[in-house]
Structures are given as C-alpha cells and as structure tokens.
Amino acid sequence: MTKRFYIITRDLHLYVGLFFAPFILLFSISVFFLVHSWLPGGKPEPQSPRVISNLTLPPDLETLDGRARVDALQAALPLLGLAGEIGFVRHIPKKRRLEFSVSVPGRDTSVELSLADRTATVTRHETGIWDGLVALHKSPGQHLVAIRMNWWPMRVWRWFADGTVYLLFFISLSGIYLWAVLRAERAVGLVLLAAGALSFLGIVYAVIH
C-alpha cells in the first residue's frame, strides 16, 4: 500500500507539475514586471477617439449602481463594438455622463458615455502583451470585488488562477513527501528547508519592522 501510494504521488507530482508549468511561468514573468514597474518596448500612444451616436441605452442607467450598473453596461458594449472587463464606473450627474474603462489583456479602452445625447466617445489604447500578463496576474485579486469578473473570459481565468494555487500546494506537499521517503536525501533536504524557512522569516521580519 505504501509503495503504491508513493508511485501514485510521484506520478501526480510529475504530470500535474508539467501541466501547470506554463501557468507558473506566466505568474513568474508577470510578477517580475509588476515588481519592477517596467515593460519592454514602452507604451504606444492611444488611438484617435471615435464617436458613436444614436445609441439605444438602458433607460435606468442613471439610477443603477454597483454591479447592476456594470451588468447593464456589459449588455450595451456590443453597440460600441467592444468586449472586455469593465472597471470602475465614474458617474457625473451634473453632466449626465458615465466614464469607465473596458480592458482585455493587452488593451485598455476608455469610454465617455453621454446619457443626454446618447453618444459615446471611445478611445482605444494598446498596452501590449507584457502589460497583458501583468493584468492577468492582478485580476484574481480583491480590488473592486463588487464589480470584478464581469466578463466571462476573466471568470474562466479566475478558476485557472485558483487551480494553479491549489495545485502548487499539492506539488509542494507531495514534493516534501517524496523527499522524506528517500533516506539518502534527508540530510541535504533538511538543510535546504531550514535555509528556506530562515530566509522567509528574515524577509517577513524586515518587512514588518
């Protein structure tokens, strides 16, 4: 039974690690750009704004708030020729205007929606693949949780991101188990575990103090 459990754990450790290696690589590369606030190639200039008139808009956009307003705007995005994740929506009551962004990895689009005139000014900004990786890295976070994940591809991405984390736990724990049953490697493994733990605690202490 013990041998069979070892073999199953070893195979799962190997193949699960191989399957999720691209996701781990994506997180590793994107966190580098995120931490250093640097993207190769720089950011190109935004494209010229385009104006769309005679829009058929939901009549209650001004009275809606939070996720209800975002869902209503999502339904109106095809009229603007757009699709993507809607970010924070700014309502300017005196001007009867809504301002919001629509993003997909590698592209941000700002929208100024005039409810009185039923027109929209759309400005597209290509941010590039590297910025797209950073956007994916940050997407499963807790910022603006009331309106996040309003575009279905991002909801799918959240499941992949969560799955990567859970399976990293499995790979880590199964790796410790596989190491523990190899007696010849225990001494070296203990030294490396201790060094890693001390490094982690040292960084935490430095950050807190």
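Residues numbered from 1 in each chain as written. Predicted model: local features only at pLDDT ≥ 70, side-chain atom pairs only at ≥ 80, totals over all residues. Heavy atoms only, no water.

**Section: the packing of aromatic side chains**
Two aromatic rings are characterised by how far apart their centres lie and by the angle between their planes. Following the criterion strictly, the structure yields 2 aromatic pairs and no others. Between the aromatic rings of F5 and Y177, the centroid separation amounts to 5.3 Å while the plane-to-plane angle is 75°, which identifies the pairing as edge-to-face. Placement of F5 in helix α1 (residues 2-36) and of Y177 in helix α4 (residues 152-180) is noted, with a sequence separation of 172 residues between them. Judged by centre distance (6.5 Å) and plane angle (55°), the ring pair of Y6 and Y177 falls under tilted. Taken together, the positions of Y6 in helix α1 and Y177 in helix α4 put the pair 171 residues apart, joining distant regions of the chain. These aromatic residues form a ring-pair network of at least three members: F5, Y6 and Y177. (Phe/Tyr/Trp six-rings, centres within 6.5 Å; stacked < 30°, edge-to-face > 60°. Helix = DSSP H or I, 4+ residues; strand = E, 2+ residues; numbered from the N terminus.)

**With respect to the layout of surface pockets**
By volume, the largest pocket amounts to about 600 Å³. In terms of lining, the largest pocket is formed by 26 residues, of which the most central are S103, D108, A135, K138 and S139. Listed by contribution, the elements that provide at least two residues to the lining of the largest pocket are β2 (85-86), β4 (97-104), β5 (107-114), β6 (119-126) and α3 (129-138). Looking at which element gives the most residues to the lining of the largest pocket, the answer is α3, with 4 residues. (1 Å grid on protein atoms, 1.4 Å probe; cavity = no way out; pocket = protein on both sides within 12 Å on 5 of 7 lines; lining within 4 Å. Points joined across faces, edges and corners; volume = space filled by probe spheres on them.)

**Brief notes about the pairing of β6**
Both strand β1 (residues 50-52) and β6 contribute to a ladder of 3 bridges, which runs antiparallel. Residue R50 lies in a different strand from β6, and its bridge partner there is V122. Across 8 bridges, β5 lies against β6 in antiparallel orientation. Paired with R107 across the strands is E126, a residue of β6. The turn linking β5 back onto β6 is made up of 4 residues, and R118 within it adopts a positive phi angle of 55°. (Pairing = 2+ DSSP bridges.)

**A word on α4**
Counted at 1.5 Å a residue, the expected span for α4 with its 29 residues is 42 Å, and the 42 Å between its end C-alpha atoms agrees. Of all the positions in α4, only M154, W157, A161, G163, T164, I171, S174, L178 and W179 are classed as buried. (Expected span 1.5 Å × (residues − 1). Buried < 20%, exposed > 50% of the residue type's maximum accessible area, 1.4 Å probe, protein only.)

**Here's the deal with the environment of V89**
In this structure, V89 sits in the loop between β2 and β3 (90-92). Each C-alpha atom of the pair V89 and D65 lies 9.2 Å from the other, and the pair is 24 residues apart in sequence. Beyond its immediate sequence surroundings of up to four residues, V89 is in contact with R69, V70, L73, L98, E99 and F100. (Contact = heavy atoms within 4.5 Å.)

**So, the pattern of salt bridges**
Summed over the entire model, instances satisfying the criterion amount to 6 salt bridges. Across the salt bridge formed by D11 and R10, the nearest N and O atoms sit 3.5 Å from each other. With a relative accessible area of 28%, D11 lands in the partly exposed category. Between E62 and R96 there is a salt bridge, with its nearest N and O atoms 2.7 Å apart. With E62 in the loop between β1 and α2 (66-76) and R96 in the loop between β3 and β4, this pair connects stretches of sequence that are 34 residues apart. Since its relative accessible area comes to 32%, E62 is described here as partly exposed. Judged by relative accessible area, which is 36%, R96 ranks as partly exposed. Taken together, the salt bridges that share partners define one network made up of R90, R97 and E99. (Salt bridge = Lys/Arg side-chain N within 4 Å of Asp/Glu carboxyl O.)

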